[in-house]
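Single-letter residue listing:
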Amino acid sequence: MVDINHYIFNRGGLVKPEQFPDDIRPHLIPAPTGEMVYRCLECGAEFAITELLYTCPHCRGLFMLEDKNAARLAERPGAFWRRLFDYRRMLNLPALSGIFRYYELIAPVIPLTDIIYLGEGHTPQVAANADLKTEVGAPFYFKNDGQNPSASFKDRGMAAALSYLNFLVKQPGAGRVLAICASTGDTSASAALYSSYLGEQVASAVILPHGKVTPQQLAQPLGSGAQVLEIPGVFDDCMKVVEALADNYQVALLNSKNSWRIRGQESYAYEIAQTFDYDLAKKTVVVPIGNAGNITAIMQGFLRLHDLKIIETLPRVVGVQSRHADPVFRYYLEPDKSKRVFVPVTVKPSVAQAAMIGNPVSMPRVIRLAAEYHRRAGADAVAVVHVSEQEIMDSMLLANRHGHIACTQGGESLAGLRAALAEGLLGRDETPVLDATAHHLKFIGFQQMYFEDAFPPEFEVTPKAAYRNRPRLLTPKTDKPEEKTADLAGQIAALLDLTPKAGR
Ligand SMILES: *Cc1c(COP(=O)(O)O)cnc(C)c1O
Ligand SMILES: [Zn+2]
């Protein structure tokens with residue numbers, strides 16, 4: 001029996017150990033009772049998690065992590081899990097404060113003492129205000145995953161992947177590990193951040209497409225002390241190099257092939273469920289698709305909650321792609337399942353740069369999970385729309401003029417919601433939650449290009465006057481210090497059409 005007091009960080013927490021209900025107390029601090037293995041999606045082969053594996057050595061298929069002891073979870077009713085997760089909210093214990101609040105669903109093999117918590121997860125879900133609702137024609141929320149520590153949702157997956165690595169390197173003979181990833185910017189920022197927290201035993205190297213990540217995204221891994229290697233080309237080219245490295249050398253791959261990351265990213269679905277008190281009827285989650293790890297995790301997360309009867313209704317999932325990088329959209333254009341073939345596309349420049357991927361690694365996962373989702377919740381339960389670069393930019397700016405902090409990919413989510421509403425894919429009685437996948441500031445250069453009307457023609461973006469905004473430089477008409485302030489105040493009052501106070 002674990003001593004709960006040992007784990008409470010600060011006895012001044014919301015609820016004292018002795019105040020938790022008797023039936024909950026023994027489960028609050030979980031033990032690693034899972035039995036996780038890598039399961040190949042193609043040939044079904046099973047591999048121990050004690051090895052650094054990313055694709056099946058037999059057939060090169062992708063893995064999903066499976067808990068072979070999952071039946072123990074299903075023995076308890078959904079209501080038990082709902083209560084447990086709600087009570088865990090009140091704990092004051094770092095290991096269970098982030099994505100591992102849902103420990104049993106994420107990685108129930110990692111000892112709590114190996115869990116890395118840097119403040120990820122439990123991001124705010126912010127309602128559109130009345131004006132924005134009117135403009136878009138439906139109520140909705142943004143769930144701001146830009147409010148994670150490295151300012152994107154990637155931290156959810158890294159918290160799981162690096163906690164697992166932290167556990168692994170403590171095994172006898174593990175040695176030093178080099179963690180490596182290719183990235184459209186945010187994966188490397190997150191990988192470098194979490195690796196740097198682990199210190200000596202885990203070094204990190206990131207491979208980026210030269211000139212295809214924003215200055216902010218480049219600065220992040222540099223600041224975390226990672227080796228940053230740039231190569232010519234786009235993300236898809238970097239991915240090939242990283243795969244060659246993972247095939248031939250002892251490295252820990254932190255791309256979304258890494259199935260621990262998918263597990264961690266499932267927390268996004270769990271949080272939405274918990275926020276709505278587990279009632280997901282008439283709810284829709286709108287998510288941008290790049291390498292398709294995020295939509296994989298979101299579908300898997302909801303399916304897992306459904307398996308355990310934690311939720312009764314699966315919410316609808318709408319994936320969004322830019323017309324400049326839309327292989328998943330094209331795949332689902334063919335209504336006849338048996339005729340669908342996946343064809344990678346050559347991407348064109350996109351403001352949704354973090355999702356600018358022509359050959360998504362997780363496509364086999366998406367195909368399987370979407371089929372299962374459709375089987376359980378109907379043919380329209382998962383849909384993919386595509387949107388123009390113009391719609392992405394306009395939607396991002398519109399959102400941010402109403403109190404949000406959406407990045408270009410968050411703008412893509414809103415553009416996708418508008419497309420889904422226009423096409424009648426989504427009823428106006430549904431409640432959409434839009435994934436704002438990163439913080440606005442990471443992609444600020446695109447806003448700058450919009451405001452300055454400086455987009456190269458291939459982006460196909462023409463700024464709308466209503467959304468443009470530029471700073472105005474005021475020049476004082478005098479050099480005399482005692483008159484300068486009054487002069488500038490006067491100029492500003494005239495520009496802003498201010499009304500003088502009575503008697504002045
Ligand atoms: C990685 C990323 C995406 C794309 O997510 P996938 O899991 O690759 O589909 C979208 N937006 C942002 C900000 C990202 O960093
Ligand atoms: Zn296989």
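Residues numbered from 1 in each chain as written. Chains lettered and ligands numbered in written order. Predicted model: local features only at pLDDT ≥ 70, side-chain atom pairs only at ≥ 80, totals over all residues. Heavy atoms only, no water.

S.K.: Give a detailed account of the overall build of the protein chain, specifying residues and quantitative values.
M.R.: Helix and strand content of the protein chain: 19 helices and 13 strands. Relative to the compact-globule value of 23 Å for 504 residues, the protein chain shows a C-alpha radius of gyration of 24 Å, a close match. Seen through its principal axes, the protein chain has C-alpha atoms that stretch 75 × 60 × 50 Å. A total of 504 residues make up the protein chain; the buried ones form 56% of that total. Once the 52 positive and 54 negative side-chain charges of the protein chain are each reduced to a mean point, those two points are 2 Å apart. (Helix = DSSP H or I, 4+ residues; strand = E, 2+ residues; numbered from the N terminus. Rg over C-alpha atoms; globule rule 2.2 N^0.38 Å. Buried < 20%, exposed > 50% of the residue type's maximum accessible area, 1.4 Å probe, protein only. Lys, Arg positive; Asp, Glu negative; His and termini not counted. Charge placed at Lys NZ, Arg CZ, Asp CG, Glu CD.)

S.K.: Describe the domain arrangement of the protein chain, and please don't skip the residues or the numbers.
M.R.: Per the domain assignment, the segments of the protein chain are domain 1 (125–147 + 266–466), domain 2 (149–264) and domain 3 (472–504). Taking the mean C-alpha position of each, domain 1 and domain 3 sit 46 Å from one another. (Domains from an automatic or database assignment.)

S.K.: An account of the packing of helix α16 (residues 389–400) against helix α18 (residues 444–451) is requested, with residue identities and associated values reported.
M.R.: One way to put it is that α16 packs onto α18 with a least axis distance of 11 Å and a crossing angle of 100 degrees. With respect to α18, the element α16 is oriented roughly perpendicular. For the pair α16 and α18, the contacting residues are Q390, M393, D394, M396 and L397 in the first and F446, Q447, Y450 and F451 in the second. Split by residue class, the contact of α16 with α18 holds six nonpolar, two polar and one charged. (Axes fitted to C-alpha atoms, helices over the stretch in contact; angles between N-to-C directions. Parallel < 35°, antiparallel > 145°, perpendicular 65-115°, else oblique. Contact = heavy atoms within 4.5 Å. Nonpolar A, V, L, I, M, F, W, Y, C, P; charged D, E, K, R; others polar.)

S.K.: Could you give an account of the environment of L473, with specific residues and numbers?
M.R.: Mapped onto the secondary structure, L473 falls in the loop between α18 and α19 (481–495). As for L473 and V241, which are separated by 232 residues in sequence, their C-alpha atoms are 47 Å apart.

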